[in-house]
Amino acid sequence: MGDTVADYTFRFEQQEQEIHSLTAEIESLKNPQSLSSSSQLDGLREENAKLKYRLNVLKRSLQEEKCQYSKSMMNINQRLQDIFGEAIRYAYPDLENPPLAVTPNQQAKFGDYQCNSAMAMAQMMKSKGLKVNPREIAEKIQHNIPDNELIEKTEIAGPGFINVHLKRSFVSKLLTNLLLNGVQPPPLLRKKKVIVDFSSPNIAKEMHVGHLRSTIIGDSMCRLFEFLGYDVLRLNHVGDWGTQFGMLIAHLQDKFPDYLTVSPPIGDLQAFYKESKKRFDEEEDFKKRAYQCVVKLQSKDPAFIKGWNLICTVSRNEFQKVYDCLDIQIIERGESFYQEMMDVVVKEFEAKGLVEMDEGRKIVFAPGQQIPLTVVKSDGGYTYDTSDLAALHQRLFDEKADIIIYVTDSGQSTHFQVVFAAAQMIGWYDPKVTRVEHAGFGVVLGEDKKKFKTRSGDTVRLMDLLDEGLKRSMDKLKEKERDKVLSAEELIKAQRSVAFGCIKYADLSHNRVNDYVFSFDKMLDDRGNTAAYLLYAFTRIRSIARLANIDEATLRKAAETTEVLLEHDKEWKLGKCLLRFPEILQKILDDLLLHILCDYLYELATTFTEFYDSCYCIEKDRQTGEVVKVNMWRMLLCEATASIMAKCFDILGINPVSRM
């Protein structure tokens, strides 16, 4: 195997060198220094055409070999953009940054993909005083399309659309590659460091539905980056420092005076917080003592640090129950982690003359921002602004992150906009090099379209919500009489899969920037674009091979020896849909909008249903019900569909089960 890889690597390098030399030769022929006769010119043109032909053959050969020996899935849209980009450069070498637009075709009669660059190019030329018909531009692009492994034919339609028909044989090869190597991400040019800051509840307070959104969305973003091969650091920026800890420790001292030797039985930390807050608001002596406790805590007095740790531990244990239910991996790095760094950050802003005084406060105005950051309060204390600047500095300079994403509600978007602007102003990062972004989300509404609350008007506790999901999920499974066919263990697995899968999917399937209505009835409905429907669809697909007594080894062998035929319209539609997976991931990577993956997953499931209803995978005897024929290439399409769906579920943080 090693020799084969070395052999192909050597051949790749040889071919690439020849491509470079041929390209250089073509360029030199384009600009001949002196042509003594027309016969010499004709000879050069003939030689140029031959070289161009050889260059295209080599490029196609190289691309085909790369595809054949690469385990990664090809991004067809990206490959078509490369092909049309080259055609446009050949056709219009003097046009700077020409628009490049390639999209999947919505109607099969117009082909598989469409290049829509001609119209935008005509507008660009018009702005420069050149009036050219878009259809003429399309024809010129079409004429300059390089020989390639992917396109069967192109047609020009309407004002200048170029409709693209893919080669079925090549699509079949890509599907075989998927079956043999599994769902592999496209190759990464460089393994970048990504930090995702998400969840971020406050110590001594319950996690609520806002934290649910941040936790679900942030986890899914991490899973996407991890699948694509990035180095991902998942951070939980918990609120574990500040003046509220003074009142909590003062209340702890009064209620459990022996807390230093006996661990206090704080069962309900939320009630404990409310009690201390009531005293803080109503008792002047308690309020003074609370402020003294803050000073002691900030000076790292051991007794006060122990009280702080006790309160944090009770909270962490409660948070972990939620994370265990939702299968969340995250590293806690709260506000306390950055305390020592804040002084350094403030001094750096002062040293560069960027700090102004305002009624005793130290503030920083960033370019283009209406609101300043308060980096030091009038009492000398630090703020959330200081903490977030220190966190960003640590992530840029200590962690050396290439991408930093903050997943919080949209109400914090202005705050982060100012923090990012200040960091750019002081020269911490260049947005063209380092991606620092706030991925905001809307609020969760009740079915009355108002902010999601309990009937008594309180904030909904997250664990209560998850427990309610488990109860309703079990009711749904029993309603379908699944308890009569599944073992007790299988039933519990199905219950958890449906409950938590539905809660996650209901959130992720909505555009995160919008508010969304939380409804158990809608999310547990097994019709339409819901996790319940998709999980049932997935188990049905997985059961097709099992019911035909075809095991994994048989499918693997078939993938090595059986061509995936794509002759039926529904086979072709399903094959193309499967191979759009890499381009869907690229779009999410650009926009950080995970509902795009949910839409794709639902489209794939419905496309599979169309295929399965029209194309017999297994043919049975009508009298006996025995399997008389297995159309193995269609079984392979079932397997490919299940593989892509499983990876979609994995990125969304949903755990499907084999039996439901």
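Right above here is the structure, for reference.
Each chain has its residues counted from 1, running along the sequence as written. pLDDT decides what is reported in this predicted model: residues at 70 or higher carry local features, side-chain atom pairs at 80 or more are listed and counted, and totals for whole chains, interfaces and linings draw on all residues regardless. Excluded from the side-chain calculation are hydrogens and water; included are all heavy atoms of the structure.

Here the focus is the overall build of the chain. Only DSSP runs of H or I covering at least 4 residues are called helices, and only runs of E covering at least 2 are called strands; the numbering of each starts at the N terminus. Looking only at helices and strands, the chain features 23 helices and 16 strands. When a residue's accessible area, from a 1.4 Å probe over protein chains only, is under 20% of the maximum for its type it is buried; when over 50% it is exposed; and in between it is partly exposed. By residue count, 49% of the 660 residues in the chain fall in the buried class. A separation threshold of at least 6 residues defines the contact pool for the chain, and within that pool the share at least 24 residues apart is 73%. When the accessible surface of the chain is totalled, it reaches about 32800 Å², and 49% of it is carbon and sulfur. Should any heavy atoms of two residues lie within 4.5 Å, those residues are considered in contact. Residue exposure ignores everything except the shown protein chains as possible cover, and the areas themselves are Shrake-Rupley values with a 1.4 Å probe.

What follows concerns the packing of helix α6 (residues 168-181) against helix α23 (residues 632-652). Where helices are involved, their axes are fitted lines through C-alpha atoms of the stretch in contact, as for all axes, and angles between N-to-C directions lie from 0 to 180°. At a minimum axis distance of 10 Å, the contact between α6 and α23 shows a crossing angle of 65°. The crossing of α6 and α23 is left-handed. Within the contact between the two elements, α6 uses Leu175, Leu178 and Leu179 and α23 uses Leu636, Leu637, Glu639, Ala640 and Ile644. Ten residue types, Ala, Val, Leu, Ile, Met, Phe, Trp, Tyr, Cys and Pro, are classed as nonpolar, four, Asp, Glu, Lys and Arg, as charged, and the remainder, Gly among them, as polar. Its residues assigned to classes, the contact of α6 with α23 comprises seven nonpolar, no polar and one charged. For any helix crossing, the convention is left-handed if the near helix is rotated counterclockwise from the far helix by under a right angle, and right-handed if that rotation is clockwise.

Each aromatic pair joins two rings of Phe, Tyr and Trp (for Trp, the six-membered one) with centres within 6.5 Å, and gets the label stacked for planes under 30 degrees apart, edge-to-face for over 60, and tilted for any other angle. Inspection of every chain in the model, using the stated rule, returns 17 aromatic pairs. Summarising the aromatic geometry, the rings of phenylalanine 227 and phenylalanine 581 are spaced 6.3 Å apart at their centres and angled 50° between planes, so their arrangement reads as tilted. Taken together, the residues phenylalanine 227 in helix α7 (residues 209-227) and phenylalanine 581 in helix α21 (residues 581-591) connect sequence positions 354 residues apart. Here phenylalanine 227 matches phenylalanine 581 in class, with each residue buried. Through a chain of ring-to-ring contacts, the aromatic side chains of Phe227, Phe581 and Tyr600 assemble into a single cluster. In this structure, arginine 333 is placed above the aromatic ring of phenylalanine 337, and the distance from its NZ or CZ to the ring centre is 4.8 Å. The ring of tyrosine 536 has lysine 480 lying over it, and the distance from NZ or CZ to the ring centre is 5.5 Å. Look at NZ for Lys and CZ for Arg. If either is within 6 Å of the ring centre and within 35 degrees of the ring normal, a charge sits over the ring.

The next subject is the pattern of salt bridges. Salt bridge, as applied in this entry: a Lys or Arg side-chain nitrogen positioned within 4 Å of an Asp or Glu carboxyl oxygen. What the rule picks out here adds up to 45 salt bridges. Here glutamate 399 and arginine 333 are joined by a salt bridge, their closest N and O atoms 2.8 Å apart. One end of the pair, glutamate 399, is in the loop between α13 (384-397) and β11 (403-406); the other, arginine 333, is in the loop between β7 (331-332) and α12 (339-351), with 66 residues separating them in the sequence. This pair shows no difference in class: glutamate 399 is buried, exactly as arginine 333 is. Counted as one network, the salt bridges with shared partners bring together Asp219, Arg223, Glu226, Arg234, Asp327, Lys647 and Asp650.

With respect to the helices and strands, threonine 374 occurs in strand β10 (residues 373-376). Nitrogen and oxygen atoms within 3.5 Å of one another constitute a polar contact, given that in protein one can donate a hydrogen and the other can accept it, and given that sequence-neighbouring residues count only through two side-chain atoms. One polar contact links threonine 374 to arginine 361, side chain to side chain, over a distance of 2.8 Å.

Our focus in this paragraph is helix α10 (residues 284-298). Here α10 is 15 residues long and its end C-alpha atoms lie 22 Å apart, about the 21 Å a rise of 1.5 Å per residue gives. For α10, every residue scored as buried is listed here: Phe286, Ala290, Cys293, Val294 and Leu297. Across the axial projection of α10, the buried residues extend over an arc of 105°, all falling on one side. When the buried face of α10 is taken as reference, the exposed residues oriented beyond 90 degrees from it are Glu284, Asp285, Lys288, Gln292 and Val295. For α10, the elements touching its buried residues are α8 (244-255), α9 (269-282) and α11 (302-326). Lysine 300, located one to two residues past α10, shows a positive phi value of around 65°. Multiplying 1.5 Å by the residue count of a helix minus one yields the expected span of that helix. Our arc is simply the arc of the directions from the helix axis toward the C-beta atoms.

Our focus in this paragraph is the nonpolar core. To define a nonpolar core, start from buried Ala, Val, Leu, Ile, Met, Phe, Trp, Tyr and Cys residues and group those joined through side-chain atoms within 4.5 Å. One finds Leu80, Phe518, Phe581, Leu597 and Ile644 to be the most contacted residues of the largest nonpolar core, which totals 172 residues. Per-element accounting of this core gives the leading share, 13 residues, to α23. Excluding anything up to four places from it in sequence, leucine 597 contacts Phe581, Ile584, Leu585, Ile588, Cys648, Ile651 and Leu652. With 32 residues, the next largest nonpolar core counts Phe349, Val375, Ile404 and Ala422 among its residues.

A few words on the sheet that holds strand β2 (residues 113-115). By the convention used here, strands pair only if DSSP detects at least 2 bridges between them. Read across the open sheet, the four strands follow the order β1-β2-β4-β3; overall the sheet is antiparallel. Either end of the sheet is taken by a strand with one partner, and the two such strands are β1 (102-104) and β3 (151-157). Each adjacent strand pair in this sheet contributes to an overall mean axis angle of 25°, direction not counted. Sheet topology places β1 next to β2; three bridges connect them, and they run antiparallel. Across the sheet, residue proline 104 finds its bridge partner in β2, namely tyrosine 113. Most of the contacts of helix α3 (residues 76-91) go to β1, to which it runs at about 145°, and overall it touches β1, β2, β3 and β4 (161-166).

Moving on: the sheet that holds β11. Strand order in the open sheet made by the five strands is β7-β6-β5-β11-β12, with parallel pairing throughout. Edge positions in the sheet fall to β7 and β12 (435-438), since each has one partner strand and no second. Of the pairings in the sheet, the one linking strand β6 (residues 231-236) to β7 comprises two bridges and is parallel in character. Within β7, the position partnered with leucine 235 by the bridge is isoleucine 331.

A few words now on the pairing of strand β16 (residues 627-630). The pairing of strand β15 (residues 618-620) with β16 spans three bridges and is classified as antiparallel. Along β16, the bridge assignment pairs lysine 620 with valine 627. Between the antiparallel neighbours β15 and β16 lie six residues, among them glycine 625 with a positive phi of about 80°.

Below, the discussion takes up helix α18 (residues 531-547). Along its 17 residues, α18 runs 24 Å from first to last C-alpha, staying within 8% of the 24 Å computed at 1.5 Å per residue. Here α18 lies mainly inside the structure; 13 of its 17 residues are buried. Following α18 by one or two positions, asparagine 549 adopts a phi angle in the positive range, close to 60°.

As for its position among the elements, proline 98 is in the loop between α3 and β1. Put simply, proline 98 and methionine 124 are 26 residues apart on the chain and 8.0 Å apart in space, counted from C-alpha to C-alpha. Once you skip the residues sitting within four places of it in the chain, proline 98 turns out to touch Ile88, Met121 and Met124.

With that settled, the discussion passes to the environment of glycine 160. Among the secondary structure elements, glycine 160 is positioned in the loop between β3 and β4. Taking the relative accessible area as the measure of exposure, glycine 160 reaches 0% and is therefore buried. Between the C-alpha atom of glycine 160 and that of methionine 119, which follows or precedes it by 41 residues, the distance is 6.4 Å. For glycine 160, the contacting residues outside a window of four places in its chain are Cys115, Ala118, Met119, Pro134, Arg135 and Ala138.

Another point: the packing of helix α4 (residues 117-127) against helix α5 (residues 134-143). Closest axis-to-axis distance for the α4/α5 pair is 8 Å, and the angle between their directions is 120°. Considered as vectors, α4 and α5 are oriented oblique to each other. Every pair of crossing elements has a handedness; the one defined by α4 and α5 is right-handed. Where α4 abuts α5, its residues Ala118, Met119, Met121, Ala122 and Met125 lie against Pro134, Ile137, Ala138 and Ile141. Here the residues of the contact of α4 with α5 are counted per class, giving nine nonpolar, no polar and no charged. Between 65 and 115 degrees an angle is taken as roughly perpendicular, under 35 as roughly parallel, over 145 as roughly antiparallel, and anywhere else as oblique.

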